[in-house]
Structure formats: C-alpha cells, structure tokens
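# Close look at the chain arrangement
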Amino acid sequence: MIRYTITQTGEILYNTNMLKETLKVSKSFLIREMKKYNFSENDYIRYKNQILFKEKSVMDFMDYLIKNRMINHVEELNRMVEKIKVNTDELQKNSISE
C-alpha cells in the first residue's frame, strides 16, 4: 500500500483503495456511500489522475457511515418490535375470543 502525505503539513491522504481496505467494505459499497456523502472540493486533492482524500474528511466520512449504520439498525429493530406487538395483540384477541 502506498502512503500519501502532504509534505508541508504531514497530513495523511487516502485513496479509495486504502479506504476500501481500511473499512473492509466492497468497492461498490464505498463508491455508493461516498456519492451519498458528497465530499466538498476542500476534502480531497487530485494527484496524478487519482483522488486523494484528506484525513479529517475521511474521519468525518467514517462518522457518517457509523451513524447511518446505527440509524438503520435502530429502524430495523423498531420494525421487528412493531411486528412482535402486532403478533402478540392478535394472539391475545384470539385467546380471548375462544
């Protein structure tokens, strides 16, 4: 893996390959989520036909991914709880009517 740094500031830069390996996700998932995130022009640098993302923007992107994943899990759990409530209500109604 090639490591990119800005020599003046010492800031580390990440390309999509490094992000994919660091996050352990597929390239298609990474690209899709990056499009949703909408990096600003200040978040990356174009160098030798590559897009290199600044470390702070990568950390913000990771934060975004974690929050979205947590939101999705909570929503899924809420749906499951609602299904359980509906099923238990139906069971109670059936047992009362019998």
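For the structure itself, look to the data block above.
These notes cover the structure that comes with them. It should be emphasised that the depicted structure is a prediction, and the values quoted were computed from it without experimental measurement.

## Focus on the sheet that holds strand S2 (residues 12–14)
Strand order across the open sheet formed by 4 strands is S1-S2-S4-S3, with antiparallel pairing between neighbours. The strands lining the two open edges of the sheet, one partner per strand, are strand S1 (4–5) and strand S3 (44–47). With 2 bridges connecting them, S2 and strand S4 (residues 50–54) associate as antiparallel partners. Paired with tyrosine 14 across the strands is phenylalanine 53, a residue of S4. On the sheet, helix H1 (residues 16–23) packs against S1, S2 and S4 and is oriented at approximately 90° with respect to S2.

## With respect to the pattern of salt bridges
Throughout the structure, instances matching the rule amount to 4 salt bridges. Between lysine 36 and glutamate 33 there is a salt bridge, and its shortest N-O distance comes to 3.2 Å. Remark: glutamate 33 and lysine 36 occur in helix H2 (residues 27–37); sequence separation between them is 3 residues, near one turn of the helix. Note that glutamate 82 and lysine 85 form a salt bridge whose closest N and O atoms lie 3.9 Å from each other.

## Some thoughts on the packing of aromatic side chains
Given two aromatic rings, their pairing is described by the distance between the two centres and the angle made by the two planes. Going through the model one piece at a time under the given rule, you end up with 7 aromatic pairs. An angle of 65° between the planes, with centres 5.5 Å apart, marks the rings of tyrosine 37 and phenylalanine 61 as edge-to-face. In this pair, tyrosine 37 is assigned in helix H2 and phenylalanine 61 in helix H3 (residues 55–97), connecting sequence segments 24 residues apart. By relative accessible area, tyrosine 37 is classed as partly exposed at 22%. Phenylalanine 61 gets classed as buried once you look at its relative accessible area, which sits at 1%. With a centroid separation of 5.4 Å and 45° between ring planes, the pair formed by phenylalanine 39 and phenylalanine 61 is classed as tilted. Taken as a pair, phenylalanine 39 in the loop between H2 and S3 and phenylalanine 61 in helix H3 lie far apart in primary sequence, 22 residues in all.

Scoring rules and cut-offs
- Within every chain, residues take consecutive numbers counted from 1 along the sequence as written.
- Selection of residues for local features in this predicted model requires a pLDDT of at least 70, selection of side-chain atom pairs for listing and counting requires 80 or more, and totals for whole chains, interfaces and linings are taken over all residues.
- Remark: hydrogens and water are excluded; side-chain values derive from all non-hydrogen atoms of the structure.
- DSSP-based pairing: two strands are paired if at least 2 bridges between them are found.
- The helix and strand labels rest on DSSP assignments: H or I over at least four residues marks a helix, E over at least two residues marks a strand, and numbering proceeds from the N terminus.
- Any two residues whose heavy atoms approach within 4.5 Å are treated as being in contact.
- To get an axis, a line is fitted to the C-alpha atoms, and for a helix only the part in contact is used. The angle between two axes follows their N-to-C directions and goes from 0 to 180 degrees.
- Salt bridge, as used here: a side-chain nitrogen of Lys or Arg that lies within 4 Å of a carboxyl oxygen of Asp or Glu.
- Aromatic contacts are taken between Phe, Tyr and Trp rings whose centres are within 6.5 Å, Trp giving its six-membered ring; a plane angle under 30 degrees counts as stacked, one over 60 as edge-to-face, and the others as tilted.
- Per-residue accessibility, obtained with a 1.4 Å probe over protein chains only, is compared with the maximum for each type, and a residue is labelled buried under 20%, exposed over 50%, and partly exposed between these values.

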